[in-house]
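# Summary of structural features
Given next are the chains, with one letter for each unit.
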Protein chains: 2
Amino acid sequence: MVQSGARFTLYGHWLSGPCYKVGLMLALCGLPYEYRSVDLLGGANRTDAFLAINRFGEVPVLRHGSLTLVQSNVILEYLAAVAGGLAGEGAAGALQAKEWLAWGADRLKPYIYRTRTFRHFPERSSPQVVDYLRGATADALAFLDRSLSSRPWLVGEGPTIADVGCWAPVAYLQEAGFDQADYPNISAWAARLGELRGFALPHALMPKADATVRLAHHRDGADAT
Amino acid sequence: MVQSGARFTLYGHWLSGPCYKVGLMLALCGLPYEYRSVDLLGGANRTDAFLAINRFGEVPVLRHGSLTLVQSNVILEYLAAVAGGLAGEGAAGALQAKEWLAWGADRLKPYIYRTRTFRHFPERSSPQVVDYLRGATADALAFLDRSLSSRPWLVGEGPTIADVGCWAPVAYLQEAGFDQADYPNISAWAARLGELRGFALPHALMPKADATVRLAHHRDGADAT
């Protein structure tokens, strides 16, 4: 399944949190890639050509050799296998990392991103719906903050895909109308993430147009290109 | 990671769709198990004893030998590996099955179950929130129905965890106020699922109290106990 010699191509949109998640994972793994910008606002993800790449009509999509992968958490697991890192320590660690990815997809992702969207476009929603989404987001953030009170990373002694996967939506916390300072353990975790080689925030990381992404920092110190 | 000789214990609640998902998977795999009912309404999932089993304070939980697994989609992948079936054909099929599990968690699960909950308890919500949840549910059901228009199963030529994972929330479609007859391809898929050995609907499958579940139908025809 793993094609370690082939090149990566990421299809994404610079405002998409799930695309940032995959871009950040590639950066942390020190993997260079071709970036293809998909014009979501223009409906490029609904064309037959794009649907042939991703039946769900969504970004991100990652191509690696002959493989086409979709769904950001599936891509993270794949990249952890390809890059040989961030998967979690041993079988139990790998399971726990997958469980946290599932938790983030279940409790955080459906709420924080919609809260962000409706904050930018209040006319698309109603105060009741925003309250509902904000409440669920706050619950998830409080749980995440408690979970990080006694450990530096979500699983084991070092960063894993659990941290990358749960961080991606949290990176948009301020845009969603929350204050990171209200969550001291999340803030400390964010600072630790920020020290990892290759880490960058969404607007610094995501290209706005097609690009060849050569990473400045490589895990092994070598030049990426 | 796979402990094929050990017994399974499922912690769940009979009204929980994610618990039904795991119970159905065990049944389709012909795996007998001990069932432990967790009193969600009484807060049993918030006790220290339960949180030591599942840090997320949720059901389902599956124990297998010394392993404790949480998050229903992670459990499905694990059971597919243990039981040697329903994982999808080859590496590409297995990836596609995981992608569908992620789609179901993203587009169907957060909406259909809350629609169902608020239909039973309208005083907990508002018409605006119900409209929001119903709209997202309808979008997901329409997509699922279109996806099943040209194929019998979501991935490949036979049933996989993709079907089990996406079926579980759809099993509650009527309780959520939708009519399955409006989705002819979903209805045909449901009929195909219904013919699988071990298949049962939620109320027929899920015990209301602790139980030893000996399955009437085994994949290999042997008695389960």
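Coordinates for the structure precede this section.
This text gives an overview of the structure that appears in the document. Just so it is clear, the model here is predicted, and its values are computed rather than measured. (Residues numbered from 1 in each chain as written. Chains lettered and ligands numbered in written order. Predicted model: local features only at pLDDT ≥ 70, side-chain atom pairs only at ≥ 80, totals over all residues. Heavy atoms only, no water.)

So, on to the nonpolar core. It is characteristic of soluble globular proteins that their nonpolar side chains tend to be buried jointly. Membership of the largest hydrophobic core comes to 144 residues, with the highest contact counts inside it found for A:Trp100, A:Trp189, B:Leu79, B:Trp100, B:Leu144 and B:Trp189. Residue contacts for A:Trp189: discarding those within four places in its chain leaves A:Leu144, A:Leu148, A:Pro152, A:Trp153, A:Leu154, A:Asp163, A:Cys166, A:Trp167 and A:Val170. Formed by 12 residues, the second largest nonpolar core is a distinct cluster that contains A:Phe118, A:Leu133, A:Ala136 and B:Ala136. (Core = buried A, V, L, I, M, F, W, Y, C linked by side-chain atoms within 4.5 Å. Buried < 20%, exposed > 50% of the residue type's maximum accessible area, 1.4 Å probe, protein only. Contact = heavy atoms within 4.5 Å.)

Now for the pattern of salt bridges. On inspection of all chains with the given rule, the structure shows 18 salt bridges over all chains. Of the charged contacts in the structure, one is a salt bridge between A:Glu58 and B:Arg107, with a shortest N-O distance of 2.8 Å. One end of the pair, A:Glu58, is in the loop between α2 (48–53) and β3 (61–64); the other, B:Arg107, is in helix α4 (residues 90–120), on a second chain. According to the relative accessible area criterion, A:Glu58 is buried, its value standing at 14%. Assessed through its relative accessible area of 32%, B:Arg107 is described here as partly exposed. For B:Arg36, the salt bridge identified is with B:Glu34, shortest N-O distance 3.4 Å. Residue B:Arg36 is classed as partly exposed on the basis of its relative accessible area of 30%. Residues joined in a network through salt bridges with shared partners are A:Glu58, A:Lys109, B:Asp106 and B:Arg107. (Salt bridge = Lys/Arg side-chain N within 4 Å of Asp/Glu carboxyl O. Helix = DSSP H or I, 4+ residues; strand = E, 2+ residues; numbered from the N terminus.)

Residues and elements named next belong to chain A. Their axes nearest at 10 Å, the elements helix α3 (residues 72–83) and helix α6 (residues 161–170) cross at an angle of 145°. Handedness of the crossing formed by α3 with α6: right-handed. In this structure, α3 contributes Leu-76, Glu-77 and Ala-80 to the contact, and α6 contributes Ile-161, Val-164 and Gly-165. Residues of the contact of α3 with α6, tallied by class, amount to four nonpolar, one polar and one charged. (Axes fitted to C-alpha atoms, helices over the stretch in contact; angles between N-to-C directions. Left-handed = near helix turned anticlockwise from the far one by under 90°. Nonpolar A, V, L, I, M, F, W, Y, C, P; charged D, E, K, R; others polar.)

Quoted interface sizes are often the accessible area lost when the parts come together. Every contact between the two is made by 33 residues of chain A and, on the other side, 33 residues of chain B. Counting each side, the surface lost to burial between chain A and chain B is near 3200 Å², with a carbon and sulfur contribution of 59%. Between A:Glu99 and B:Arg55 there is a salt bridge, with the nearest N and O atoms lying 2.8 Å from each other. Looking at the side of chain A that touches chain B, the elements that each hand over two or more residues are β4 (67–70), α3, α4 (90–120) and α5 (127–147) of chain A. (Buried area = accessible area lost by both parts, 1.4 Å probe.)

The transformation that overlays chain A on chain B combines an axial shift of 0.0 Å with a rotation of 180°, and the residual RMSD is 0.0 Å. A rotation of that kind, with that shift, is consistent with a two-fold axis. Residue A:Val129 of chain A places its C-alpha closer to the rotation axis than any other residue of that unit, at 2.5 Å. Both copies contact each other with a shared surface, as 100% of the interface residues of chain A are interface residues in chain B too. (Least-squares fit on C-alpha atoms with pLDDT ≥ 70 in both.)

What follows is about the sheet that holds strand β5 (residues 211–213) of chain B. Residue and element names in this part refer to chain B. One open sheet accounts for five strands, arranged β4-β3-β1-β2-β5; its pairing is mixed. Both edges of this open sheet fall to β4 (67–70) and β5, since each of them pairs with a single strand only. Taken pair by pair, the neighbouring strands of this sheet meet at an average axis angle of 25°, ignoring direction. Helix α1 (residues 17–28) contacts β1 (8–12), β2 (33–37) and β3 (61–64) of the sheet and is inclined by roughly 155° relative to β1. (Pairing = 2+ DSSP bridges.)

To describe a pair of aromatic rings, one takes the distance between the centres and the angle between the planes. Taken as a whole, this structure holds 24 aromatic pairs over all chains when the rule is applied. When the ring of A:Trp100 is compared with that of A:Trp103, the centres are 5.3 Å apart and the planes differ by 75°; the resulting orientation is edge-to-face. Taken together, the residues A:Trp100 and A:Trp103, both in helix α4 and three residues apart, mark about one turn of the helix. Ring centres of B:Trp167 and B:Trp189 lie 6.0 Å apart, and the angle between their planes is 75°; this geometry places the pair in the edge-to-face category. With B:Trp167 in helix α6 (residues 161–170) and B:Trp189 in helix α7 (residues 184–194), the pair connects residues that are 22 residues apart, well separated along the chain. Note on B:Trp189: relative accessible area 0%, which makes it buried. Pairwise contacts between aromatic rings join A:Phe56, B:Trp100, B:Trp103 and B:Phe143 into one cluster. Here the basic side chain of A:Arg124 rests over the ring of A:Phe121, its NZ or CZ set 4.0 Å away from the ring centre. Stacked on the ring of A:Trp14, the Lys or Arg A:Lys208 has its end atom at 4.3 Å from the ring centre. (Phe/Tyr/Trp six-rings, centres within 6.5 Å; stacked < 30°, edge-to-face > 60°. Lys NZ or Arg CZ within 6 Å of the ring centre and 35° of its normal.)

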